[in-house]
2 protein chains.
Amino acid sequence: MLQPAEIDASETLTERQQAVLDAALRLLVEEGDNLTMTAVARRASCSKETLYKWFGDRDGLLNATVQWQASKVRVAAIDRERLDIGSLTASLERFASDWLKVISSDTSIALNRVAVSHAGSGKDDLGAIVLQNGRFALAKRLKPVLEAGQQAGLLDFEDAETAFRTFFGLVGRDVQIRLLLGDRVELTGATIGGDAARATQQFLALFGAKTGPLAHRAG
Amino acid sequence: MLQPAEIDASETLTERQQAVLDAALRLLVEEGDNLTMTAVARRASCSKETLYKWFGDRDGLLNATVQWQASKVRVAAIDRERLDIGSLTASLERFASDWLKVISSDTSIALNRVAVSHAGSGKDDLGAIVLQNGRFALAKRLKPVLEAGQQAGLLDFEDAETAFRTFFGLVGRDVQIRLLLGDRVELTGATIGGDAARATQQFLALFGAKTGPLAHRAG
DNA sequence: GCCGAACCGTAACGTACGGTACGCCTGAGG
DNA sequence: CCTCAGGCGTACCGTACGTTACGGTTCGGC
């Protein structure tokens, strides 16, 4: 489990196939896991036979859909030039804000829901894929920032993984599970910004290096 | 959504019905959401007709099963007598440890999985029930402790809800979503204890009152 | 011993849906 | 114009499963 799944979807998929997957994605958001092949075919204006020829079976279609969405959210890593407390704080806040926006988006919720369902009866690796492109991709992008902060003497931790997980917890808190379980969490742009700032300050309070001024501790 | 669901299951259910629900629960853990009425009937050594007479339909059975499990984990609140930094720390650690044990248990994972699935297509309130007896029940039990800590001058926060959510995040971090998505997270008794202690210390570092000694900051 | 209620086991029904087959259309190549 | 591959639409098949119906059995009350 949890191998990177490096295949770049945009290479091996034709324009038309991508359109079909987009349709499947929209339908997944609307209908959840109980979308039917017929519905996908109708929505995508293609025949079921084509669906089966391209994607094998229903699980194949779901797999391709999830990977397709994953391939769309690739983001460039942050360059670590001139790191001071200000830019580090900004980076962390930006990560937190982006992450909150992602997990509260309709498509993320829908995708996580199907992945969780399928993780129960292990017929495919949807859970692994979502995990890989969600939580683990985030870690891979954030860890260099944390380590750069450490080398710049701004942060103090033993294990980047542990530090990351703490940051993850401070940012996400109970939001994701509540959303997945259908709770209506108020997440406007403003509250996201506030939460990102709060989480960042708390993280800095926990892992900021004792040497050097940490400046403002909001509260 | 999210009304308390105060009905006490152990009152209105006969011994036999509880046994049937226990069987359904075990099956739910093993099979996930794709358990069949036939399988439940066979496992419980009862007839399908009885199942339908007692619980209406499949969703009714699932609902009753989830509520039945929920009714089993009622826990007494903590009495707030003589609160010092030691007992407060112990309480928090105990909460954290209990919570980690719960969310990493097979039945919790299975229940959360079905609830998440069903939250997608809103045919019932499984998500609300799980939320109510999980995250919100925890808050209800923990908040008095936090407020007692505040009144004792040990903690400093403006909003108990916010403080609780931070604690929740520090304890859970990425564990629950990883488990739900099928990742094998190493959670032995020892690591749970360590995580609970770490989360508690981090929480105290963030919300411990500046006045008064906070003693050991493990790190 | 008899009755009715509750319940077990199982057969049967209806339907939804995954998967397949087939006829028709279009559009590129010759 | 002809051909043919690729793809659309749709009818069709098989099956799994929710739901119902029914005969047989146990058990408390008379």
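Look above for the structure.
Since the structure is predicted, the reported quantities are computational estimates derived from the model, not experimental observations. Counting restarts for each chain, with residues numbered from 1 along the sequence as it is written. For naming, the first written chain is A and the first written ligand is 1, with later ones following in the order written. Two thresholds apply to this predicted model, a pLDDT of at least 70 for residue-level local features and 80 or more for giving and counting side-chain atom pairs, whereas whole-chain, interface and lining totals are computed over all residues. The side-chain quantities take in all heavy atoms of the structure and omit both hydrogens and water.

Draft legend 1. Fine view of the protein's contact with DNA strand D. Definition of nearness: a residue and a molecule or strand are near each other if at least one heavy atom of the residue lies within 4 Å of the molecule or strand. Around DNA strand D sit 15 residues in total, of which T50(A), K48(B), E49(B), Y52(B) and R58(B) are the nearest. Within 4 Å of the protein, the contacting atoms of DNA strand D are drawn from sugar and phosphate to the extent of 56%. A distance of 2.8 Å separates a phosphate oxygen of DNA strand D from a polar side-chain atom of T50(A). Numbering goes from the N terminus for both helices and strands, where a helix is a DSSP run of H or I of at least four residues and a strand is a run of E of at least two. Elements supplying a minimum of two residues to the surface near DNA strand D: α4 (48-55) of chain A together with α4 (48-55) of chain B. When residues are grouped by polarity, Ala, Val, Leu, Ile, Met, Phe, Trp, Tyr, Cys and Pro land in nonpolar, Asp, Glu, Lys and Arg in charged, and all others, Gly among them, in polar. For the surface near DNA strand D, the per-class residue count stands at 5 nonpolar, 4 polar and 6 charged. Polar contact is the term for a pair of N or O atoms within 3.5 Å; when the atoms are in protein, one must be able to donate a hydrogen and the other to accept it, and sequence-neighboring residues count only if both atoms are side-chain atoms.

Draft legend 2. View of the packing of helix α2 (residues 15-31) of chain B against α4(B). All names here are of chain B. To define axes, lines are fitted to C-alpha atoms, for helices over the stretch in contact only, and angles between the resulting N-to-C directions are given on a 0 to 180 degree scale. Interaxial distance between α2 and α4 falls to 12 Å at its minimum, and their mutual angle equals 105 degrees. Our classification of the angle between α2 and α4 gives roughly perpendicular. Across the interface between the two elements, R16, Q17, V20 and L21 from α2 touch L51, W54 and F55 from α4. Residue composition of the contact of α2 with α4, grouped by class: 5 nonpolar, 1 polar and 1 charged. Roughly parallel refers to an angle under 35 degrees, roughly antiparallel to one over 145, roughly perpendicular to one between 65 and 115, and oblique to any angle outside these ranges. Residue contacts follow a heavy-atom distance rule, with two residues in contact if any of their heavy atoms lie within 4.5 Å.

Draft legend 3. Molecular detail of the relation of the copies chain B and chain A. Copies overlap after least-squares fitting; the atoms used are the C-alpha atoms of residues with pLDDT of at least 70 in both. Taken as rigid bodies, chain B and chain A are interconverted by a rotation of 180 degrees and an axial shift of 0.0 Å, the fit giving an RMSD of 0.1 Å. The transformation just described matches what one would write down for a two-fold rotation axis. Nearest to the rotation axis, the C-alpha of G169(B) is located 2.1 Å from it, this being the minimum over chain B.

Draft legend 4. Main features of the pattern of salt bridges. All names here are of chain B. Between Lys or Arg on one side and Asp or Glu on the other, a salt bridge is scored when a side-chain nitrogen of the former is within 4 Å of a carboxyl oxygen of the latter. Taken as a whole and assessed by the stated rule, the structure comprises 20 salt bridges over all chains. In this structure, R178 and D174 form a salt bridge, with 3.1 Å as the shortest nitrogen-oxygen distance. Each member of the pair R178 and D174 is classed as buried. Accessibility here uses a 1.4 Å probe with only protein chains present; expressed as a share of the type maximum, an area under 20% marks a residue as buried, one over 50% as exposed, and anything in between as partly exposed.

Draft legend 5. The protein's contact with DNA strand C, seen in detail. As a structural note, the neighbourhood of DNA strand C is formed by 16 residues, with K48(A), E49(A), Y52(A), R16(B) and T50(B) the closest of them. Taken together, the sugar and phosphate atoms account for 55% of what DNA strand C places within 4 Å of the protein. Note that a base nitrogen of DNA strand C is positioned 2.3 Å from one of the side-chain N or O atoms of E49(A). Between DNA strand C and T50(B) there is a distance of 2.8 Å, counted from a phosphate oxygen to a side-chain nitrogen or oxygen. Among the elements that make up the surface near DNA strand C, the one with the highest residue count is α4(B) (4 residues). Looking at the surface near DNA strand C residue by residue, the classes come out as 5 nonpolar, 4 polar and 7 charged.

Draft legend 6. Structural detail: the interface of chain B and chain A. At the junction of the two partners, chain B supplies 42 residues and chain A supplies 42 residues. Note on terms: buried area is the combined drop in 1.4 Å-probe accessible area of two parts once they are placed together, counting the loss on both. For the pair chain B and chain A, the two sides together bury roughly 3,600 Å², of which 61% comes from carbon and sulfur. Its largest share of buried area at the contact with chain A, chain B owes to R165(B), R173(B) and L181(B), together 20% of the area lost on that side. Counting every contact that joins chain B to chain A gives 4 salt bridges. Across the contact surface, chain B and chain A share 7 residue pairs in polar contact (both at pLDDT 80 or more). Contributions of two or more residues to the side of chain B that touches chain A are made by α7 (106-120), α8 (126-151), α9 (160-172), α10 (175-180) and α11 (189-207) of chain B. For the side of chain B that touches chain A, the class distribution of residues is 18 nonpolar, 13 polar and 11 charged.

Draft legend 7. The arrangement of unusual backbone geometry in detail. Residue and element names in this part refer to chain A. Not every positive phi belongs to a glycine, and S45 is a case in point at roughly 55 degrees. For S45, the location among the structural elements is in the loop between α3 (37-44) and α4. Its relative accessible area of 61% is what places S45 among the exposed residues.

Draft legend 8. Quick peek at the environment of A110(B). Residue and element names in this part refer to chain B. The topology assignment puts A110 in helix α7. Through-space distance from the C-alpha of A110 to that of G32 is 6.2 Å; in sequence the pair is 78 residues apart. Discounting residues that sit within four places of it in the chain, A110 has contacts with L28 and V29.

Draft legend 9. Summary view of the nonpolar core. What we call a nonpolar core is a set of buried Ala, Val, Leu, Ile, Met, Phe, Trp, Tyr and Cys residues that are connected through their side-chain atoms within 4.5 Å. In this structure, L146(A), F203(A), L146(B) and F203(B) are the most contacted members of the largest nonpolar core, which totals 136 residues. Here F203(B) is in contact with L92(B), L146(B), L155(B), A163(B), F167(B), L170(B) and G208(B), once residues within four sequence places are set aside.

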